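The lines below spell out each chain.
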Amino acid sequence: MRQSELFTKTRREAPKGEVSKNAELLVRAGYIHKEMAGVYSFLPLGLRVLNNIAVIIREEMNAIGGQEVFLSGLQNPELWKKTGRWDDSVVDNWFKTKLSDGTELGLGHSHEEPLTALLTEHISSYRDLPKAIYQIQTKFRNELRAKSGLLRGREFMMKDMYSFVRTPEELDSFHERAAEAYKNIFSRAGIGERTFRTFASGGSFSKYSDEFQMLCDAGEDTIYLHRERELAVNREVYTDEVLLDLNLDKHELEEVRAIEVGNIFKLGNRFSEPLELAFTDETGGKKPVLMGCYGLGLSRLMGAVAEALSDEKGLRWPKTLSPFALHLVAIAGEKVKESAEALYGKLSRHGVSVLYDDRDMSAGQKFADADLLGIPYRAIVSQKTLEAGGIELAERAGGVSRMVSEKELFSLS
Ligand code: ATP
Ligand code: MG
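Residues numbered from 1 in each chain as written. Chains lettered and ligands numbered in written order. Predicted model: local features only at pLDDT ≥ 70, side-chain atom pairs only at ≥ 80, totals over all residues. Heavy atoms only, no water.

## A word on the sheet that holds strand 17 (residues 326-330)
- Strand order in the open sheet formed by 5 strands is 18-17-19-20-21, and the pairing between neighbours is mixed. Edge strands, defined here as strands with exactly one partner in the open sheet, are strand 18 (354-357) and strand 21 (402-404). Within this sheet the neighbouring strands show an average axis-to-axis angle of 30°, counted without direction.
- Relative to strand 21, strand 20 (residues 391-395) is paired through 3 bridges, and the arrangement is antiparallel. Across the sheet, Leu-393 pairs through a bridge with Arg-402, a residue of strand 21.
- Its contacts with the sheet place helix 9 (residues 363-373) against strand 17, strand 18 and strand 19 (377-381), and it is angled at close to 170° to strand 17. (Pairing = 2+ DSSP bridges. Helix = DSSP H or I, 4+ residues; strand = E, 2+ residues; numbered from the N terminus. Axes fitted to C-alpha atoms, helices over the stretch in contact; angles between N-to-C directions. Contact = heavy atoms within 4.5 Å.)

## Concerning helix 4 (residues 112-119)
- Summarising burial for helix 4: 7 of the 8 residues are buried, a large majority.
- Listed in full, the buried residues belonging to helix 4 are Glu-112, Glu-113, Pro-114, Leu-115, Thr-116, Ala-117 and Leu-119. (Buried < 20%, exposed > 50% of the residue type's maximum accessible area, 1.4 Å probe, protein only.)

## Quick look at unusual backbone geometry
- With an omega dihedral of 0°, the bond running from Leu-129 to Pro-130 counts as a cis peptide bond.
- Residue position: Pro-130 is located in the loop between helix 4 and strand 7 (131-140).
- One non-glycine residue, Asn-247, lies in the positive phi region at around 55°.
- The backbone of Glu-276 shows a phi angle near 60°, a positive value even though the residue is not glycine.
- By secondary structure assignment, the location of Glu-276 is in the loop between strand 13 (254-268) and strand 14 (278-280).

## Digging into the layout of surface pockets
- Here the second largest pocket is characterised by a volume of approximately 300 Å³.
- Lining the second largest pocket are 14 residues, and of these Lys-183, Gly-192, Thr-195, Arg-197 and Glu-230 sit closest to its centre.
- Of all the elements in the fold, those that place two or more residues in the lining of the second largest pocket are helix 5 (168-188) and strand 9 (195-201).
- Counting residues per element, the lining of the second largest pocket draws most heavily on helix 5, which supplies 6 residues.
- Its residues assigned to classes, the lining of the second largest pocket shows 4 nonpolar, 3 polar and 7 charged. (1 Å grid on protein atoms, 1.4 Å probe; cavity = no way out; pocket = protein on both sides within 12 Å on 5 of 7 lines; lining within 4 Å. Points joined across faces, edges and corners; volume = space filled by probe spheres on them. Nonpolar A, V, L, I, M, F, W, Y, C, P; charged D, E, K, R; others polar.)

## Concerning the site of ligand 1
- Taken together, 16 residues lie near ligand 1, and Arg-141, Glu-143, Arg-152, Gly-153 and Glu-260 sit nearest.
- In the model, a nitrogen atom of ligand 1 is placed 2.8 Å from a nitrogen or oxygen of the Glu-143 side chain.
- Separating an oxygen atom of ligand 1 from a side-chain N or O atom of Arg-152 is a distance of 2.8 Å.
- Elements with a minimum of two residues in the shell around ligand 1: strand 8 (155-165), strand 13 and strand 16 (290-297).
- The element contributing the most residues to the shell around ligand 1 is strand 13, with 4 residues.
- When the residues that make up the shell around ligand 1 are grouped by side-chain class, the tally is 6 nonpolar, 5 polar and 5 charged. (Near = heavy atom within 4 Å. Polar contact = N/O pair within 3.5 Å; in protein donor to acceptor, adjacent residues only side chain to side chain.)

## Side note on the pattern of salt bridges
- If you walk through the whole model with that rule in mind, you get 31 salt bridges.
- Across the salt bridge formed by Glu-18 and Lys-34, the nearest N and O atoms sit 3.3 Å from each other. Highlighted residues: Glu-18 in the segment before helix 1 (21-28) and Lys-34 in strand 1 (residues 32-36), separated in sequence by 16 residues.
- With a relative accessible area of 27%, Lys-34 lands in the partly exposed category.
- The closest approach of N and O atoms between Arg-359 and Asp-357, which form a salt bridge, is 2.9 Å. (Salt bridge = Lys/Arg side-chain N within 4 Å of Asp/Glu carboxyl O.)

## Quick word on the environment of Gly-202
- As for its placement among the helices and strands, Gly-202 is situated in the loop between strand 9 and strand 10 (208-215).
- As a C-alpha pair, Gly-202 and Leu-267 span 65 residues in sequence and 8.9 Å in three-dimensional space.

## Quick look at the side chain of Lys-139
- In this structure, Lys-139 sits in strand 7.
- Classification of Lys-139 by relative accessible area gives buried; the value is 0%.
- Polar contacts involving the side chain of Lys-139 include one to the side chain of Gln-137, which spans 3.2 Å.

## Thoughts on the domain arrangement of the protein
- What the domain assignment reports for the protein is domain 1 (9-309) and domain 2 (326-410).
- For domain 1 and domain 2, the distance between their C-alpha centres works out to 39 Å.
- Taken together, the contact pairs 8 residues of domain 1 with 5 residues of domain 2.
- Summed over both partners, the interface of domain 1 with domain 2 buries about 570 Å², with 62% contributed by carbon and sulfur atoms.
- Of all residues in domain 1, Thr-10, Arg-12 and Tyr-31 give up the largest surface area on contact with domain 2, accounting jointly for 55% of the area buried on that side.
- Counting across the domain 1 and domain 2 interface gives 1 salt bridge. (Domains from an automatic or database assignment. Buried area = accessible area lost by both parts, 1.4 Å probe.)

## Concerning the sheet that holds strand 4 (residues 74-75)
- A sheet is described by the order of its strands in space; here 3 strands give the open sequence 4-6-5, paired in antiparallel fashion. The open sheet has two edge strands with one neighbour each: strand 4 and strand 5 (95-98).

Next up, the structure:
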């Protein structure tokens, strides 16, 4: 893509009233647009990042047997009344609305109820199980505070998977497979080393749930981390009793701030019982299907990466999430332009995804923008590189740049 044709512009100033670093950088770089508090639109560069995250998530969910669906955003209150979750005192972040005849509807903040009810039409025997079903979709939550940019949206992108199994053993074993898949997702997204499985409150069916917490000072959560054992305990369950239960010594734990990037949960029969999702087992007996849920915020993950991997100059995407593999920057001069145009054509033919800065601007402005945009590799074509007979390749992460051949760039796809 030619940068001269990109409709979004970078800006030097932080948007008014934006207090979170992730949103400030992403707005300044033209990745997202702030509609209002907690509500953001994704622009071409931002959508590319979000789509890259979605690709990773889909691969990992499909690898553990997930089948993708796309459920409705509008919610039927009747289903939620059966589980007691239509009540605003039970779920305090509903967005509700009315049809013109007065019928109430909700906007989906989660999808246990509709999916469980839907499955009663498809699941009836032990032979139909186990199943894992997921979607990537917009969620709506009337969050009290929405000051953390993409980290806490009132409208945001979530992947939610639900498992449907026969026995507690199957539930445990799928829970572990999901935890592995989550580890893969976070390491592929470039935050594996700073993200830890964390014991958190579990609800009625299991003692704990597992959160995936990324260390970050901007995080809302406080966790107690055992670095060597690569696990942590959320403050909400941090008691002497729990430490004893987990065989953790207080003195070996660090108190740190973190962002919850994912959450996996055993639901048991909490939803299958009231919504009558049951199966007949081998002996002909009727049992409730057991369930688990596995949530991961795509937009929160994008915000968390922006928050954690950026520096004072701007964003710094890992290769796997970057909107482009390469930022090609041409520095003034007719000859330079000719050579850069030719290189852009060749890179495109070799399938390298490249953002080509073909704008009429000073080198200083172009480099400042490139730093802000945060594409991991930058290829520079200038009078100097033409004379040296190569292309200068620099990394956004820093370090020395080096002269490379065209051929070397072709492998950056
Ligand atoms: P939190 O504790 O942060 O309020 P939660 O425990 O309510 O989140 P879940 O309902 O388990 O979150 O949602 C699954 C995932 O969706 C979370 O782990 C997080 O990645 C993401 N998520 C939840 N709420 C938001 C939000 N308001 N904005 C962006 N992402 C969110
Ligand atoms: Mg939580």
